[in-house]
Amino acid sequence: MTPSITAATARRILTQLRHDRRTVAMMALVPTLVMILLYYVIGDQRAFNAWTPVLLCVFPFLVMFLVTSIATLRERTSGTLERLMASPLGKLDLLLGYGLAFGLMAAVQVTLVLAVSLTWLGFELGAPVWPLVVVALGNALLGTALGLLCSAFARTEFQAVQFMPVVMLPQLLLGGIFVPRDQMAAVLEWISNALPMSYAIEAMKLAAAAGAEGDFWRDVAVVAGSAVLALLLGAATLRRRTP
Amino acid sequence: MVSSAVAVRDLRVRRGRREVLHGISFDVPRGTVLGLIGPSGCGKTTLMRSIVGVQVVGSGDVTVLGEPAGSPGLRARVGYSTQSPAVYDDLTVAENLAYFASVLGAPKNDVGRVLGEVGLEAEARQIARTLSGGQRSRASLAVALLGGPELLVLDEPTVGLDPVLRNELWDLFRGLAAGRGVTLVVSSHVMDEASRCDRLLLMREGEILADDSPGALRGRTGTEDLEGAFLRLIAEREKTGTARRT
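Conventions we followed
- Residues numbered from 1 in each chain as written.
- Chains lettered and ligands numbered in written order.
- Predicted model: local features only at pLDDT ≥ 70, side-chain atom pairs only at ≥ 80, totals over all residues.
- Heavy atoms only, no water.
- UniProt positions renumbered as here; feature names shortened; annotations may be inferred.
- Helix = DSSP H or I, 4+ residues; strand = E, 2+ residues; numbered from the N terminus.
- Rg over C-alpha atoms; globule rule 2.2 N^0.38 Å.
- Buried < 20%, exposed > 50% of the residue type's maximum accessible area, 1.4 Å probe, protein only.
- Contact = heavy atoms within 4.5 Å.
- Areas by Shrake-Rupley, 256 points an atom, 1.4 Å probe, with all protein chains shown as cover.
- Lys, Arg positive; Asp, Glu negative; His and termini not counted.
- Charge placed at Lys NZ, Arg CZ, Asp CG, Glu CD.
- Salt bridge = Lys/Arg side-chain N within 4 Å of Asp/Glu carboxyl O.
- Pairing = 2+ DSSP bridges.
- Axes fitted to C-alpha atoms, helices over the stretch in contact; angles between N-to-C directions.
- Buried area = accessible area lost by both parts, 1.4 Å probe.
- Polar contact = N/O pair within 3.5 Å; in protein donor to acceptor, adjacent residues only side chain to side chain.
- Nonpolar A, V, L, I, M, F, W, Y, C, P; charged D, E, K, R; others polar.
- Parallel < 35°, antiparallel > 145°, perpendicular 65-115°, else oblique.
- Left-handed = near helix turned anticlockwise from the far one by under 90°.
- Core = buried A, V, L, I, M, F, W, Y, C linked by side-chain atoms within 4.5 Å.
- Phe/Tyr/Trp six-rings, centres within 6.5 Å; stacked < 30°, edge-to-face > 60°.
- Lys NZ or Arg CZ within 6 Å of the ring centre and 35° of its normal.

As recorded in an unreviewed UniProt entry, chain A goes by Transport permease protein and comes from Planobispora longispora. Check the Subcellular location (unreviewed entry) section of the UniProt entry for chain A; it says "Cell membrane". You can read under Sequence similarities (unreviewed entry) in the UniProt record for chain A the words "Belongs to the ABC-2 integral membrane protein family."

Caption draft 1: Structural detail: the overall build of chain B. Along the backbone of chain B there are 8 helices and 10 strands. Relative to the 2.2 N^0.38 estimate, which gives 18 Å for 246 residues, the radius of gyration of chain B is 18 Å and therefore close to what a compact globule would have. Its C-alpha atoms put chain B at 65 × 40 × 35 Å along the principal axes. For chain B, the residues scored as buried account for 53% of the 246 residues in total. Across chain B, contacts joining residues at least 24 apart in sequence account for 65% of those joining residues at least 6 apart. Carbon and sulfur atoms make up 51% of the accessible area of chain B, which totals about 10400 Å². Measuring between centres, the 30 positive side-chain charges of chain B sit 5 Å from its 30 negative side-chain charges.

Caption draft 2: Representation of the pattern of salt bridges in the model. For the coordinates displayed, the defined rule picks out 25 salt bridges over all chains. Across the pair Arg49 of chain B and Glu82 of chain A runs a salt bridge whose closest N-O atoms are separated by 2.3 Å. Within this pair, whereas Arg49 of chain B is found in helix 1 (residues 44-52), its partner Glu82 of chain A is found in helix 4 (residues 80-85), the two belonging to separate chains. Accessibility classification places Arg49 of chain B together with Glu82 of chain A in one group, the buried group. Among the charged side chains, a network of salt bridges with common partners joins Arg181, Glu202, Asp215, Arg218 and Asp219 of chain A.

Caption draft 3: Main features of the sheet that holds strand 3 (residues 33-37) of chain B. Residue and element names in this part refer to chain B. Judged by pairing direction, the sheet is mixed, and its 6 strands sit side by side in the order 6-7-8-3-9-10 without closing on themselves. Strands with a single pairing partner mark the edges of an open sheet, and in this sheet they are strand 6 (78-81) and strand 10 (207-212). Each strand of the sheet is rotated relative to its neighbour by a mean of 15°, with strand direction disregarded. Packed onto the sheet, helix 4 (residues 133-145) meets strand 6 and strand 7 (151-154) and runs at close to 170° relative to strand 6.

Caption draft 4: Structural view of the interface of chain B and chain A. In this assembly, 32 residues from chain B lie in contact with 25 residues from chain A. Here chain B and chain A share an interface that buries about 2400 Å² over both sides, 54% of which is from carbon and sulfur atoms. Taken together, the links from chain B to chain A amount to 3 salt bridges. A salt bridge links Glu95 of chain B to Arg18 of chain A; its shortest N-O distance comes to 3.5 Å. The interface formed by chain B and chain A includes 16 residue pairs in polar contact (both at pLDDT 80 or more). Counting only elements with at least two residues in the side of chain B that touches chain A, the list comes to helix 1, strand 6, helix 2 (93-104) and helix 4 of chain B. When residues in the side of chain B that touches chain A are grouped by element, the largest group, 6 residues, is from helix 2 of chain B. Looking at the side of chain B that touches chain A, its residues break down into 19 nonpolar, 8 polar and 5 charged.

Caption draft 5: Up close: the packing of helix 6 (residues 130-151) of chain A against helix 9 (residues 196-210) of chain A. Residue and element names in this part refer to chain A. In contact at an axis separation of 8 Å, helix 6 and helix 9 are set at 165° when each is read in the N-to-C sense. With respect to helix 9, the axis of helix 6 lies roughly antiparallel. Pair helix 6 / helix 9 crosses with left-handed handedness. Touching Pro131, Leu132, Val135, Ala136, Asn139 and Leu142 of helix 6 are Pro196, Met197, Ala200, Ala203, Met204, Ala207 and Ala208, all from helix 9. Split by residue class, the contact of helix 6 with helix 9 holds 12 nonpolar, 1 polar and no charged.

Caption draft 6: Highlighting the nonpolar core. If you look at the biggest cluster of nonpolar residues, it comprises 121 residues, and the most contacted ones within it are Phe102 of chain A together with Leu97 and Leu184 of chain B. With 13 residues, helix 3 (residues 45-77) of chain A is the single largest residue contributor to this core. If we ignore the near neighbours within four places in the chain, the residues touching Leu184 of chain B are Thr32, Val33, Leu34, Leu152, Leu154, Phe173, Leu176 and Ala177 of chain B. The next biggest cluster of nonpolar side chains, apart from the first, holds 32 residues, and it includes Ile24, Val52, Leu74 and Val185 of chain B.

Caption draft 7: Examining the sheet that holds strand 1 (residues 6-15) of chain B more closely. All names here are of chain B. The antiparallel open sheet is built from 4 strands, whose spatial order is 2-1-4-5. On the outer flanks of this sheet lie strand 2 (18-28) and strand 5 (67-68), each paired with one strand and no other. Pairing geometry for strand 1 and strand 4 (residues 59-64), over 5 bridges, is antiparallel. Counterpart to Ala7 in the pairing with strand 4 is Thr63. Where helix 1 meets the sheet, it contacts strand 1, strand 2 and strand 4, and its direction lies at approximately 120° from that of strand 1.

Caption draft 8: Layout of the UniProt feature "transmembrane region" (unreviewed entry) in chain A. If you check UniProt for "transmembrane region" (unreviewed entry), the listed places come out as residues 24-42, 48-73, 94-123, 129-153, 160-179 and 220-238 of chain A in our numbering. The span residues 220-238 of chain A is 95% helix and 0% strand, and its two end C-alpha atoms sit 27 Å from each other.

Caption draft 9: Just the packing of aromatic side chains, in detail. Summed over the entire model, instances satisfying the criterion amount to 11 aromatic pairs over all chains. With centroids separated by 5.2 Å and ring planes inclined at 85°, the aromatic side chains of Tyr39 of chain A and Phe48 of chain A adopt a geometry described as edge-to-face. Centroid distance Tyr88 of chain B to Phe100 of chain B: 5.9 Å. Interplanar angle 15°. Geometry classified as stacked. Here the residue Tyr88 of chain B occupies a position in the loop between strand 6 and helix 2, and Phe100 of chain B occupies one in helix 2, the gap between them amounting to 12 residues. By relative accessible area, Tyr88 of chain B is classed as buried at 4%. Of the residues examined, Phe100 of chain B reaches a relative accessible area of 3% and is grouped as buried. Linked through ring pairs, Tyr39, Tyr40 and Phe48 of chain A together constitute an aromatic cluster. Cation over ring: Arg83 of chain A sits above Phe100 of chain B, and NZ or CZ is 5.8 Å from the ring centre. Directly above the ring of Tyr199 of chain A sits Arg181 of chain A, whose terminal nitrogen or CZ lies 5.7 Å from the centroid.

Okay, here's the thing in structure tokens:
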């Protein structure tokens, strides 16, 4: 790994985004717009307060997962990955480059959603803001890492997009949003315990209610650890030599 | 240095269930231009990928600049351009080059140099997606030239170019070999380009039909042009093949 190459890679990905203003606008604005929509659909401040942490968890993950899996798949199919694998670039340079660039986008996205929620939408927070930002960014990193990993198993962009519901929906259903995790059947609760999103949602709820208290740091560590694990597995799918 | 830039010994490669290279051996002396000539599907690309070190090989040895092909130390010393242009479609030509230059640790002014060498100065600020096919392949070639590599492996670098541009690129290749001592392995299926090489490897169905200079090939087969020489060699090979079987 070479820091200058990692930085150049992150810069290159941000330059690609700069040429694609529509994608940038959608990444930045869509979560905020959905949050506003949710506010008016629910029409009840207390229910909205309960839903906001969940959405703050889901959006960074969802967007980063999609963008990263498509971007790396493109890199594989266009031949630029082969070119990079024949160059002095280290696998981690590429993965961290993506992590840094999309992490920055996630930060913009989360800042915007939080700003609108806390002001206009009257989202009430009984604690400081920064623990929410920590969880959101950790979750964005997790989305990036899983997107990288999944793109290795997709041959086309159609397949890559289909990985989104595969990875996303079970984690949402089992994440304690619809049914509390301790009220699930035992087997489902075990599965839920093994899914990183469960910890992200729990951490976000804790952060919104009381700040960085209780199990907060344990949950954040699980999310971050899962992201690192997925990154390492993703690195293993990048091959210098291919058949 | 006396040693060859590339030494291939009994190289066998399988892709899927098919063996595409059936134990081939050859050497490329430093500072020379080797042409890989043969119909598409004959194993040219697989051979070039093996030299660059991105191909999983079955058996045999490929030594590049004194090291096993694909060694980490070779990654900045070998320039590689794939058959289909490998550049970022959503970046400008100059942005593409600037990125690969930093990956290779090449000096910043290298971008201007390679743009000049492939004749893309006017398109430097154009998004790669909007380039014509020939311009895109020249942009991809420009990436391979960054950092002054000692070995250049170029897969069909002149496809889709008009004769004037093709000629200019071949002048560039010859200049790199003569002036900077760069070794080039260039594949083509255009026979008239073959005469610009120092040596030719005529390939067919994963085997080497001939490994000689263009002049010697014409002389040996008693033909005027290389297309004729190629056909003659195939005919000879088939005759001996039949003779052996009966």
